[in-house]
Amino acid sequence: MPDLWIFDPPSNDLVPITDLRAAFELRTGARTTSERWSAWWGGKVAGLFAHSDLVPLLRARWECPVNEPAALRSASEVVLANARCLIPPSERDTLEAGTALVDPDSGQILVARISGEAAMAIIESGGVAKGVREIPATELCILHHPWDIIRHRNTALAHDLGAMLHKSRSEPIPTHAHIIGNHRVILAEDARVMPGVILDATDGSIVIGKDATIRPRATICGPAYIGERSTILDGAVIRQNTSIGHACKVNGEVSGAIFQSLSNKAHDGFLGDSYLGEWVNLGAGTITSNLLNTYSEINARAMPDAPRKATGLTFLGAIIGDHTKTAIGTLITTGSILGTGSMIARTAPPPVTTGRFAWITDAGERTYRFDKFVEVARSAMSRRSVTPSDAYIDRLRALHSLAPDRNGASA
């Protein structure tokens, strides 16, 4: 069976959510995109290609070759998957050798079964290699912009939950929990569901991961996924189409949100149709708006100097980059993009698009001083027994050097 290689086309279109990870590492449903592709193929990922800036981080996180052309070229046949394609197209099961499924609109390769030499030619050129037969894909689920993670959320989550339900058995659900509806509820090993919890499976299934804890009086409405070692706190309301990665703490009202992992929303406040990276902390009473008063399509821009683009979405809360913190009572406008490493502590809503390492208070906007940021980041990560590597700090430093000019001010 050919080895599976995943490549992330070189583009900055997905910042800030790809500042510290490749697109294939994004949680785009219950699973990350790489987990979804490897589950389809039934084996481990043999190798990866991504933006050169991320290579040191990826080599520390993965046990396979990263950006190693010789390893790919030496393979007689591989399956090459595009990291921006969230769900393997249905035609992938009948993909013959020497063929590639492509996006008929952009011409992007979505998946190909080809020689390692041809795969390397595709990665280097961005197009189809000579001699590879193109087949237009009919089912498209592609990330072009950061808000597309919300556009395709329901499809990806349904795909993942379906696969999990097919392969997983459930531990007994405690009798002190209240189950509503006819869809399945899966409780993994060592997960705890405490008294007064409501598991509403009326509209979809619920999967609760290993060592997760659902505290008293919490309500979870399916379809929903709660990852390993995450805690849903007392009285929380987790509404449909929410996916929470591992080791998160979540409270308040959450609807249609994706938590990458390792982030906290431990207090009251509404979070809707939003994506949170890692090491995010939302202060008590932080509230997102996910719908315009006009009920019209939401426009957004990924960076402060980028043009605004139509998202095609009516519901979009916030896309929040890694290590972003908000103070108590923070109000976040519909369709906001908060850059990596931002600190928001203002009585009025912050700008709808916040650049990297913005320190925003009622006194104005400054640049978060890097040494102070790293001190806070190390402290937050140590609370989950994580020590950032030198490569991780170097990547943060490089991102800080790209932060917008804020008149030389720093906080």
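Relevant structure appears above.
Presented here is an overview of the structure given in this document. (Residues numbered from 1 in each chain as written. Predicted model: local features only at pLDDT ≥ 70, side-chain atom pairs only at ≥ 80, totals over all residues. Heavy atoms only, no water.)

## Some thoughts on the overall build of the protein chain
Within the protein chain one finds eight helices and 35 strands. Along the longest, intermediate and shortest principal axes, the C-alpha atoms of the protein chain span 60 × 60 × 45 Å. The buried share of the protein chain, reckoned over its 411 residues, is 55%. At a minimum sequence separation of 6, the contacts of the protein chain that also span at least 24 residues come to 46%. Accessible surface computed for the protein chain: about 16,800 Å², of which carbon and sulfur atoms make up 49%. Of the charged side chains in the protein chain, 41 are positive and 43 negative, and the gap between their average positions amounts to 5 Å. (Helix = DSSP H or I, 4+ residues; strand = E, 2+ residues; numbered from the N terminus. Buried < 20%, exposed > 50% of the residue type's maximum accessible area, 1.4 Å probe, protein only. Contact = heavy atoms within 4.5 Å. Areas by Shrake-Rupley, 256 points an atom, 1.4 Å probe, with all protein chains shown as cover. Lys, Arg positive; Asp, Glu negative; His and termini not counted. Charge placed at Lys NZ, Arg CZ, Asp CG, Glu CD.)

## So, a negative patch on the surface
Among the surface-exposed residues, Glu189, Asp190, Asp211 and Glu228 lie close enough to one another that they form a single negatively charged patch. Tracing the sequence through the fold places Asp211 in the loop between strand E11 (206-208) and strand E12 (213-214). We classify Asp211 as partly exposed; its relative accessible area is 35%. (Patch = residues over 30% accessible without salt bridge, like charges linked within 9 Å, V, L, I, M, F, W, Y side chains within 5 Å. Salt bridge = Lys/Arg side-chain N within 4 Å of Asp/Glu carboxyl O.)

## Quick word on the pairing of strand E35 (residues 364-367)
In this structure, strand E34 (residues 358-361) lies alongside E35, joined through four bridges in antiparallel fashion. Directly across from Ile360, in E35, lies its bridge partner Glu365. Joining the antiparallel neighbours E34 and E35 is a turn of two residues. (Pairing = 2+ DSSP bridges.)

## Comments concerning the nonpolar core
Nonpolar side chains tend to gather and get buried jointly when the protein is soluble and globular. Judged by nonpolar contacts, the single largest core of 64 residues is most densely connected at Ile6 and Ile149. Leave out the neighbours within four places in its chain, and Ile149 touches Ile17, Leu26, Arg27, Thr28, Leu143, Ile258, Tyr275 and Ile319. Membership of the second largest hydrophobic core comes to 33 residues, among which are Leu187, Ala191, Ile232 and Leu338. (Core = buried A, V, L, I, M, F, W, Y, C linked by side-chain atoms within 4.5 Å.)

## Here's the deal with the packing of aromatic side chains
Under the defined criterion, the tally for this structure stands at eight aromatic pairs. Their ring planes at 35 degrees and their centres at 5.9 Å tell us that Trp5 and Phe49 sit as a pair that is tilted. Highlighted residues: Trp5 in strand E1 (residues 3-7) and Phe49 in strand E2 (residues 45-49), separated in sequence by 44 residues. An aromatic cluster of at least three residues, connected via ring pairs, comprises Phe357, Trp359, Tyr368, Phe370 and Phe373. (Phe/Tyr/Trp six-rings, centres within 6.5 Å; stacked < 30°, edge-to-face > 60°.)

## Here we look at helix H8 (residues 390-401)
The end-to-end C-alpha distance of H8, which contains 12 residues, comes to 17 Å, matching closely the 16 Å that a straight helix rising 1.5 Å per residue would cover. For H8, the complete set of buried residues consists of Tyr392, Ile393, Arg395, Leu396, Leu399 and His400. The buried residues of H8 occupy an angular sector of 160 degrees when projected down its axis, which confines them to one face. Turned more than 90 degrees away from the buried face of H8, the exposed residues are Asp390 and Ser401. (Expected span 1.5 Å × (residues − 1). Arc of directions from axis to C-beta.)

## A closer look at the pairing of strand E3 (residues 78-82)
Here E3 lies mainly inside the structure; five of its five residues are buried. Alternating positions in E3 separate into two faces, Val78, Leu80 and Asn82 on one and Val79 and Ala81 on the other, with burial throughout. Judged from the five bridges that link them, E1 and E3 form a sheet pairing that is parallel. Bridging from a neighbouring strand, Asp3 pairs with Val78 of E3. Pairing of E3 with strand E5 (residues 109-114) involves four bridges; the strand directions are antiparallel. Across the sheet, Val78 pairs through a bridge with Ile114, a residue of E5.

## Details of the sheet that holds strand E13 (residues 219-221)
As summarised here, the arrangement of the six strands in space is E7-E10-E13-E16-E19-E22, forming an open sheet in which the pairing is parallel. Each having just a single partner strand, strand E7 (178-180) and strand E22 (270-272) make up the two edges of the open sheet. Where strand E10 (residues 198-200) and E13 come together, three bridges link them in parallel fashion. Pairing of Leu199 across the sheet is with Ile220, part of E13.

## Brief notes about the sheet that holds E1
The strand order across the open sheet built from six strands is E2-E1-E3-E5-E4-E6, with neighbouring strands paired in mixed fashion. With one partner strand each, in any of the chains shown, E2 and strand E6 (133-136) form the two edges of the open sheet. Pairs of neighbouring strands in the sheet enclose a mean axial angle of 20 degrees, with direction left out of account. In this structure, strand E4 (residues 99-102) lies alongside E5, joined through four bridges in antiparallel fashion. Counterpart to Ala100 in the pairing with E5 is Ala112. (Axes fitted to C-alpha atoms, helices over the stretch in contact; angles between N-to-C directions.)

## So, the pattern of salt bridges
Pairs can form between side chains of opposite charge once their charged atoms are near each other. Throughout the structure, instances matching the rule amount to 18 salt bridges. Linking Arg73 and Glu124 is a salt bridge whose minimum nitrogen-to-oxygen distance equals 2.9 Å. With Arg73 in helix H3 (residues 69-73) and Glu124 in helix H4 (residues 116-125), this residue pair connects regions lying 51 residues apart in the sequence. Since its relative accessible area comes to 34%, Arg73 is described here as partly exposed. The salt bridge involving Arg397 is made with Asp394; its shortest N-O contact spans 3.1 Å. Highlighted residues: Arg397 and Asp394, both in helix H8, separated by three residues, approximately one helical turn. What emerges from the salt-bridge pattern is a single network uniting Arg21, Glu278 and Asp322.

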